[in-house]
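Here are the chains, one letter per residue:
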Number of protein chains: 2
Amino acid sequence: MKSVQCPIPKQRYDRVMLGHGSGGTLTQSLIDEIFYPAFKNPFLQQQHDGSILPLLSQHIAFTTDSFVVSPIFFPGGNIGDLAVNGTVNDLLCCGATPLYLSAGFILEEGLLLDDLKKIVATMAKAAEKAGVTIVTGDTKVVEKGKCDGIYINTSGIGTVPSNINISPKRATEGDIIIATGFVGDHGICILSTRENLGFESEIKSDTAALRSMVVSLLSEIPDIHVLRDATRGGIASTLNEIAETAQVCIELEETQIPVRESVSAVCNLLGLDPLYVANEGVLLVIVRPEEAEHALSIIRNSPNGHDAEIIGKVVKGSPGEVYINTLFGSSRIIGRLSGEQLPRIC
Amino acid sequence: MKSVQCPIPKQRYDRVMLGHGSGGTLTQSLIDEIFYPAFKNPFLQQQHDGSILPLLSQHIAFTTDSFVVSPIFFPGGNIGDLAVNGTVNDLLCCGATPLYLSAGFILEEGLLLDDLKKIVATMAKAAEKAGVTIVTGDTKVVEKGKCDGIYINTSGIGTVPSNINISPKRATEGDIIIATGFVGDHGICILSTRENLGFESEIKSDTAALRSMVVSLLSEIPDIHVLRDATRGGIASTLNEIAETAQVCIELEETQIPVRESVSAVCNLLGLDPLYVANEGVLLVIVRPEEAEHALSIIRNSPNGHDAEIIGKVVKGSPGEVYINTLFGSSRIIGRLSGEQLPRIC
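Described in the following lines is the structure provided in the data block. None of these values were measured; they are calculated from a predicted model.

### Points about the overall build of chain A
- Along its length, chain A carries 8 helices and 14 strands.
- Against the compact-globule benchmark of 20 Å for 346 residues, chain A has a radius of gyration of 22 Å, which places it among compact chains.
- Oriented by its inertia axes, the alpha-carbon framework of chain A measures out at about 90 × 50 × 30 Å.
- Considering chain A as a whole, with its 346 residues, one finds that 62% of them fall into the buried category.
- For chain A, the proportion of contacts with a sequence separation of at least 24, taken over those separated by at least 6, is 85%.
- If you sum the accessible surface of chain A, you get close to 13300 Å²; carbon and sulfur atoms cover 51% of it.
- Taking the 27 positively charged and 40 negatively charged side chains of chain A as two groups, their mean positions are separated by 7 Å.

### Quick look at the sheet that holds strand 14 (residues 331-333) of chain B
All names here are of chain B.
- Reading across from one edge, 9-11-8-12-10-13-14 is the order of the 7 strands in this open sheet, with mixed pairing throughout. A strand with exactly one partner marks an edge of an open sheet, and here the two such strands are strand 9 (226-229) and strand 14. Averaged over all neighbouring strand pairs, the angle between strand axes comes to 25°, with direction disregarded.
- Note that strand 8 (residues 176-179) and strand 12 (residues 309-315) share 4 bridges and pair antiparallel. By the bridge assignment, isoleucine 178 is partnered in strand 12 with isoleucine 310.
- On the sheet, helix 6 (residues 234-246) packs against strand 8, strand 9, strand 10 (249-253), strand 11 (283-287), strand 12 and strand 13 (322-325) and is oriented at approximately 145° with respect to strand 9.

### So, the pairing of strand 8 of chain B
Residues and elements named next belong to chain B.
- Judged by which residues are buried, strand 8 turns out to be covered on both faces: Ile176 and Ile178 on one side and Ile177 and Ala179 on the other are all buried.
- Pairing analysis gives 4 bridges linking strand 8 to strand 11, with the strands arranged antiparallel. Its bridge partner being in strand 11, isoleucine 178 is matched across the sheet by valine 285.

### Comments concerning the interface of chain A and chain B
- Facing the 79 residues of chain A at the interface are 79 residues of chain B.
- Together, the buried faces of chain A and chain B total about 6400 Å²; carbon and sulfur atoms form 54% of this surface.
- Of all residues in chain A, Asp49(A), Phe62(A) and Arg232(A) bury the most surface against chain B, accounting for 13% of the area lost on that side.
- Scanning the region where chain A abuts chain B turns up 8 salt bridges.
- Ionic pairing is found between Lys140(A) and Asp65(B), a salt bridge with its closest N-O pair at 3.0 Å.
- At the surface where chain A touches chain B, the tally comes to 33 residue pairs in polar contact (both at pLDDT 80 or more).
- Grouping the amino acids of the side of chain A that touches chain B by side-chain chemistry returns 29 nonpolar, 34 polar and 16 charged.
- Direction of pairing for strand 1 (residues 51-53) of chain A relative to strand 2 (residues 59-67) of chain B: antiparallel, over a ladder of 3 bridges. Across the sheet, residue Ser51(A) finds its bridge partner in strand 2 of chain B, namely Phe62(B).

Calculation criteria
- Residues numbered from 1 in each chain as written.
- Chains lettered and ligands numbered in written order.
- Predicted model: local features only at pLDDT ≥ 70, side-chain atom pairs only at ≥ 80, totals over all residues.
- Heavy atoms only, no water.
- Helix = DSSP H or I, 4+ residues; strand = E, 2+ residues; numbered from the N terminus.
- Rg over C-alpha atoms; globule rule 2.2 N^0.38 Å.
- Buried < 20%, exposed > 50% of the residue type's maximum accessible area, 1.4 Å probe, protein only.
- Contact = heavy atoms within 4.5 Å.
- Areas by Shrake-Rupley, 256 points an atom, 1.4 Å probe, with all protein chains shown as cover.
- Lys, Arg positive; Asp, Glu negative; His and termini not counted.
- Charge placed at Lys NZ, Arg CZ, Asp CG, Glu CD.
- Pairing = 2+ DSSP bridges.
- Axes fitted to C-alpha atoms, helices over the stretch in contact; angles between N-to-C directions.
- Buried area = accessible area lost by both parts, 1.4 Å probe.
- Salt bridge = Lys/Arg side-chain N within 4 Å of Asp/Glu carboxyl O.
- Polar contact = N/O pair within 3.5 Å; in protein donor to acceptor, adjacent residues only side chain to side chain.
- Nonpolar A, V, L, I, M, F, W, Y, C, P; charged D, E, K, R; others polar.

In structure tokens, the structure reads:
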């Protein structure tokens, strides 16, 4: 007669427990059951305090971003792909080829493990799509009420070819400014989802890694002056930063700025200005005037670039100033946000 | 007669506001008034979405860690130097020369700006001491109650000389295990401070970057097998990880493990095992037996290494197992933590 072994049932959790941050068995189970299977790659399998990367023979770009978006799931994405795409876009805006990401998770006790799995799966998919590898990570758990579900930090490394010199300082009088897509979608989507305003079915986040667009642009026009993703604070804040850093004046044409009708309607309703609303898949591209049309056509032929427009130029004027020629023929200064328009948008 | 200009008073805040995370004027004021002056360096002044680093001609180590310690100030340090030292030590444990750090801040609305300044000043000092530069950063603000004052992520880059091959996989039968200092100080200090147990005057956190110790070690003994900092979960958890990764058995000698009397007393009182209590300035060094005495003497002559001891060895036995020969002549298995002993210790 065979003896029948009764297996000791492995304790299963459906939510994050404080013990998942202990560095013990539960932390290992998160790593083994959620992170490793999703991010599977030889770098992670070094099982080290960090990851040893191959020799990189070019200058390195290094960037970091923490993501605290609320809600964590929204039409068009979730905090996971947002975190991957955001850091990939920051590397692209340095003129870098994105290569490696780190992922640092802060989890709230009680977060559903199924939600974590969904987020991690989305990160893995976004990383694959963007051509980057998540090579190292960290997980902390805080007590219920000490974070809001999940916060994610991603830091990124890329290499910068020697013929590329992209910097906000290079914006020069005469340069043309292109926005690569409709502005305001992400911010309005998050706001609408968070506050249950009911526009979520129409307005989705534009979160996307713009790698293929930037690769095409830089291979044909290596001397692009500035690339910036217009995230927090929208295109208005980003252009103000550029105007100040380069000590130039920027002129925008309101009629040229691509804003979706639905976004415009919500903004009117709520008294928001779409120029200040966050984007997660829109770049500002600043090029010499003779390259503007070429750049525009490359962008429009790239994924996520179909709706690109030339929205303004760098002009003679007060250094650090951004102004807009309005629909009605007047012009007004577009300053920096002095308070907070929409918190926790990314 | 001269006209007297009455300056518009600049609005001053003494606490973090949601607007400090807007990407607008207030975010810029944090950067200009707190981060730039403290971390001042040409990389940060690129004012880019990331930082472009010099050409690195060696393999790169890349690591990340989020810090959520509570309380944020404690005897011996604060969350700021903890975040810098932690990531520097992770790089050192890869055999890397630490070079560049990123700093990602998640701030709670209402955090005192004076506290933020203190933390940032400590980070700057710790970075200088550890020989690393904070080259890129990010700040997010969440509503009151959605984080606990401040969480910090640091990611780090270092270069690994080609003759160095440190990995938990290299622990080999016969190897000797050294602990570079008293174990348990950090965890007991945090616990005592958090719970007002009254031991804070005696027990300080051991937070320290162990660069000079590791540099000395590797220059004289490049073939060190394993280096690990015994943080969360203490030396017990770290040794379990190593035993499992290398599929070896580890034997510890209880009488040899350096534990401060005060730490031992608190642990007895509270029913904690110092082997599982977090350290922030203690490495586990695993070397071939013929190099053990030499390694020990280098460590003891290094800063923070005075109290180093040989605590055990890699032995023939069940792969993945760690056991300890106790004071009383018996032996017992030291498993992994199954729950959480002390949450938010780092």
